[in-house]
Number of protein chains: 2
Amino acid sequence: MRYIIILSGGMDSATLLYDSVRCRGVHARALSVNYGQRHVKELVYAVALTKRLGVEHRVVDLSALRSLMGGSSQTDAAVEVPEGHYAEESMKLTVVPNRNMILLAVAGAWAIATRSDAVAYAAHAGDHAIYPDCREEFVEALSRAFGLADWHRVTIVRPYITMMKADIVRRGLEVGVPYELTWSCYKGGARHCGRCGTCVERREAFALAGAVDPAPYEGEA
Amino acid sequence: MRYIIILSGGMDSATLLYDSVRCRGVHARALSVNYGQRHVKELVYAVALTKRLGVEHRVVDLSALRSLMGGSSQTDAAVEVPEGHYAEESMKLTVVPNRNMILLAVAGAWAIATRSDAVAYAAHAGDHAIYPDCREEFVEALSRAFGLADWHRVTIVRPYITMMKADIVRRGLEVGVPYELTWSCYKGGARHCGRCGTCVERREAFALAGAVDPAPYEGEA
């Protein structure tokens, strides 16, 4: 199987990439997109992850998309990143409009050009309630569009869709994901802030998996 | 109704824009994308068209997408533009992989950000056989994904889907489209080449509509 794997540089997509290549017999190419996100430093981690693994990686600069967006804390420096655990109301602010469809459409272009079988991304069981475009119905409809978009048919796969984040950490530790080369914090500072939604989720996942998170956090030695 | 109208700078999308604003009571914003196409000069025409009409217009530079594509004459200078009328085999070469899904996804992002009702584009009855992603089933599936992509629901509309290109010219002449400000030729030279698929179609459409095409062609005074 030949996959285009969407790689943010965070822990979920890093795990999917390593798992696919090391244990699932997948020929993987990794795609990262700069869409003007505040935590653009995650892309540096994406590069390190693919270098370590030795897979082809493209970082596509779509930061011009920022000119179309407003009101999302991920792309608009005037909006504060909400702190605390993910909760629908405050986390709506972290959503870049239509981000998943854009990422998938671009990955689909590369999949068609390389005659790959599928686009894979690391959506998991904890995603669906927060982001509309993580819901099953959305992906089903988009998968159908994918199958019709070209003479060469590409599918969308989400191998972790029934897993919780802690399960992903357990899987990643089994396949040797270098989690010190992943970045999660939405604030994109020198260290993980430990307080934004994705930091809180990350710490919780490692704790539930009974593992030590190698990421540096603010206020820790 | 508030629409994001995808504007290439060609005659079909120009007609849709002018028709929507002048006769259909639409509040329109126009979106053009530089995806690294060979005929990037069409974007200069898109700017002129929107200035003349006085509508908000954004040109988004996604030319970094070119790095993901290969084998299409629209983005790869090593591939020759096929000449002659559109015919499935030779025209496959003019297709940028997944272009329509990418354009629609990006327009959808702006539609969500501006709380618009729909994304509109000028697909017409002559398109479907050539490009897989112009087919009805593709658009139905993608429309469904659109409706599910965000809390704010956006639809996809194709007002010209039952019209032939000559019908579009007739409509455009009624609403006063300045066709001298449109560009169709895939080769992107100083004048329209008159021989590539889109030039042949354009000339045929004006001829069938019994109208004079104001575009300059090679070899004409």
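Residues numbered from 1 in each chain as written. Chains lettered and ligands numbered in written order. Predicted model: local features only at pLDDT ≥ 70, side-chain atom pairs only at ≥ 80, totals over all residues. Heavy atoms only, no water.

(A) Spotlight on the overall build of chain A. Along its length, chain A carries seven helices and five strands. Taken from the N to the C terminus, the helices and strands of chain A come in the order β-α-β-α-β-α-α-β-α-β-α-α. Evaluated residue by residue, chain A yields a buried proportion of 60% over its 221 residues. Taking as baseline every contact in chain A between residues at least 6 positions apart, the subset at least 24 positions apart corresponds to 72%. Carbon and sulfur atoms make up 52% of the accessible area of chain A, which amounts to about 8400 Å² in all. (Helix = DSSP H or I, 4+ residues; strand = E, 2+ residues; numbered from the N terminus. Buried < 20%, exposed > 50% of the residue type's maximum accessible area, 1.4 Å probe, protein only. Contact = heavy atoms within 4.5 Å. Areas by Shrake-Rupley, 256 points an atom, 1.4 Å probe, with all protein chains shown as cover.)

(B) Structural detail: the relation of the copies chain A and chain B. Of the two same-sequence chains, chain A is brought onto chain B (RMSD 0.0 Å, axial shift 0.0 Å) by a rotation of 180°. Each copy turns onto its partner about a two-fold axis. (Least-squares fit on C-alpha atoms with pLDDT ≥ 70 in both.)

(C) View of the side chain of A:Arg29. Along the chain, the position of A:Arg29 falls in strand S2 (residues 27-34). Ignoring anything within four residues of it in the chain, the contact list for A:Arg29 reads A:Arg2, A:Tyr3, A:Ile4, A:Ile5, A:Glu56, A:Trp110, A:Thr114 and A:Ser116.

(D) Here's a closer look at the nonpolar core. Counting residues in each nonpolar core, the largest one holds 68 residues, and the members touching the most others are A:Leu65, A:Leu142, B:Leu65 and B:Leu142. Those elements that provide at least two residues to this core are strand S1 (2-6), S2, helix H4 (99-113) and helix H5 (136-148) of chain A together with strand S1 (2-6), strand S2 (27-34), helix H4 (99-113) and helix H5 (136-148) of chain B. In this view, A:Leu142 contacts A:Met101, A:Leu104, A:Ile156, B:Met101, B:Leu142 and B:Ala145; residues no more than four positions away in its chain are not counted. Judged by nonpolar contacts, the second largest core, of 30 residues, contains A:Leu16, A:Tyr18, A:Ala46 and A:Val157. (Core = buried A, V, L, I, M, F, W, Y, C linked by side-chain atoms within 4.5 Å.)

(E) Molecular detail of the sheet that holds strand S3 (residues 56-61) of chain B. Residues and elements named next belong to chain B. Pairing is parallel across the open sheet formed by five strands, whose spatial order is S3-S2-S1-S4-S5. Across the chains shown, the open sheet's two edge strands, defined by having one partner strand only, are S3 and strand S5 (155-157). Strand-to-strand, the axes of this sheet are offset by a mean angle of 25°, without reference to chain direction. In this sheet, S5 lies alongside strand S4 (residues 118-120) in parallel orientation, the contact comprising three bridges. Bridged to alanine 120 within S5 is valine 157. Packed on one face of the sheet, H5 meets S4 and S5 and runs near 145° to S5. (Pairing = 2+ DSSP bridges. Axes fitted to C-alpha atoms, helices over the stretch in contact; angles between N-to-C directions.)

(F) Up close: the interface of chain A and chain B. With 40 residues of chain A in contact, the opposing surface of chain B contributes 40 residues. Buried area between chain A and chain B, summed over both chains or domains, comes out near 3500 Å², and the portion from carbon and sulfur atoms is 73%. In terms of surface lost to chain B, no three residues of chain A exceed A:Leu68, A:Leu148 and A:Trp151, which account for 21% of the buried area on that side. Counting across the chain A and chain B interface gives zero salt bridges. Applying the counting criterion to the chain A and chain B interface returns six residue pairs in polar contact (both at pLDDT 80 or more). Breaking the side of chain A that touches chain B down by element, the ones donating at least two residues are strand S3 (56-61), H4 and H5 of chain A. If you tally residues by element for the side of chain A that touches chain B, the top one is H4(A), at nine residues. For the side of chain A that touches chain B, the residue count by class is 27 nonpolar, four polar and nine charged. (Buried area = accessible area lost by both parts, 1.4 Å probe. Salt bridge = Lys/Arg side-chain N within 4 Å of Asp/Glu carboxyl O. Polar contact = N/O pair within 3.5 Å; in protein donor to acceptor, adjacent residues only side chain to side chain. Nonpolar A, V, L, I, M, F, W, Y, C, P; charged D, E, K, R; others polar.)

(G) Main features of the state of the cysteines. Residues and elements named next belong to chain B. Under the counting rule described, the total for this entry stands at zero disulfides over all chains. Take cysteine 193: it sits in no disulfide, and the sulfur closest to it among the cysteines is that of cysteine 185, at 3.7 Å. On the accessibility criterion, cysteine 193 (4% relative accessible area) is buried. (Disulfide = S-S within 2.5 Å.)

(H) Representation of the packing of aromatic side chains. All names here are of chain A. Scanning all chains against the criterion turns up four aromatic pairs over all chains. Taken together, a centroid distance of 5.5 Å and an interplanar angle of 35° make the contact between tyrosine 45 and tryptophan 183 tilted. Of the two residues, tyrosine 45 is situated in helix H2 (residues 42-53) and tryptophan 183 in the loop between helix H6 (165-174) and helix H7 (197-208); the sequence distance between them amounts to 138 residues. Residue tryptophan 183 is classed as buried on the basis of its relative accessible area, which comes to 1%. (Phe/Tyr/Trp six-rings, centres within 6.5 Å; stacked < 30°, edge-to-face > 60°.)

(I) Layout of unusual backbone geometry. Even without glycine at this site, A:Asn98 takes up a positive phi of about 60°. Of note, A:Asn98 is situated in the loop between helix H3 (88-91) and H4. Overall, A:Asn98 belongs to the buried group, its relative accessible area being 1%. Despite not being glycine, B:Arg115 has its phi angle at roughly 55°, a positive value. Within the secondary structure, B:Arg115 is located in the loop between H4 and S4. The class of B:Arg115 is partly exposed, set by a relative accessible area of 47%.

(J) Quick peek at the pairing of S2(A). Residue and element names in this part refer to chain A. Counting buried positions along S2 yields seven of eight residues, so the element is predominantly enclosed. Running through helix H1 (residues 11-23), the crossover from S1 to the neighbouring parallel element S2 is right-handed. Pairing analysis gives six bridges linking S2 to S3, with the strands arranged parallel. Opposite asparagine 34, over in S3, you have aspartate 61 as the bridge partner. (Right-handed = clockwise from strand over helix to strand, strands pointing away.)

(K) Focus on the environment of A:Ala48. In this fold, A:Ala48 is placed in helix H2. For the pair formed by A:Ala48 and A:Val139, sequence separation is 91 residues and the distance between their alpha carbons is 29 Å.

(L) Just the environment of B:Tyr186, in detail. Residue and element names in this part refer to chain B. Relative to the helices and strands, tyrosine 186 is located in the loop between helix H6 (165-175) and helix H7 (197-208). Overall, tyrosine 186 belongs to the buried group, its relative accessible area being 11%. Put simply, tyrosine 186 and arginine 144 are 42 residues apart on the chain and 32 Å apart in space, counted from C-alpha to C-alpha.

(M) Here's a closer look at H5(A). Given a rise of 1.5 Å per residue, 13 residues ought to cover 18 Å, and the 19 Å separating the end C-alpha atoms of H5(A) matches this to within 8%. Regarding H5(A), the residues found buried are A:Phe138, A:Val139, A:Ala141, A:Leu142, A:Ala145, A:Phe146, A:Gly147 and A:Leu148. For H5(A), the elements touching its buried residues are H4, strand S4 (118-120) and strand S5 (155-157) of chain A together with H4 and H5 of chain B. (Expected span 1.5 Å × (residues − 1).)

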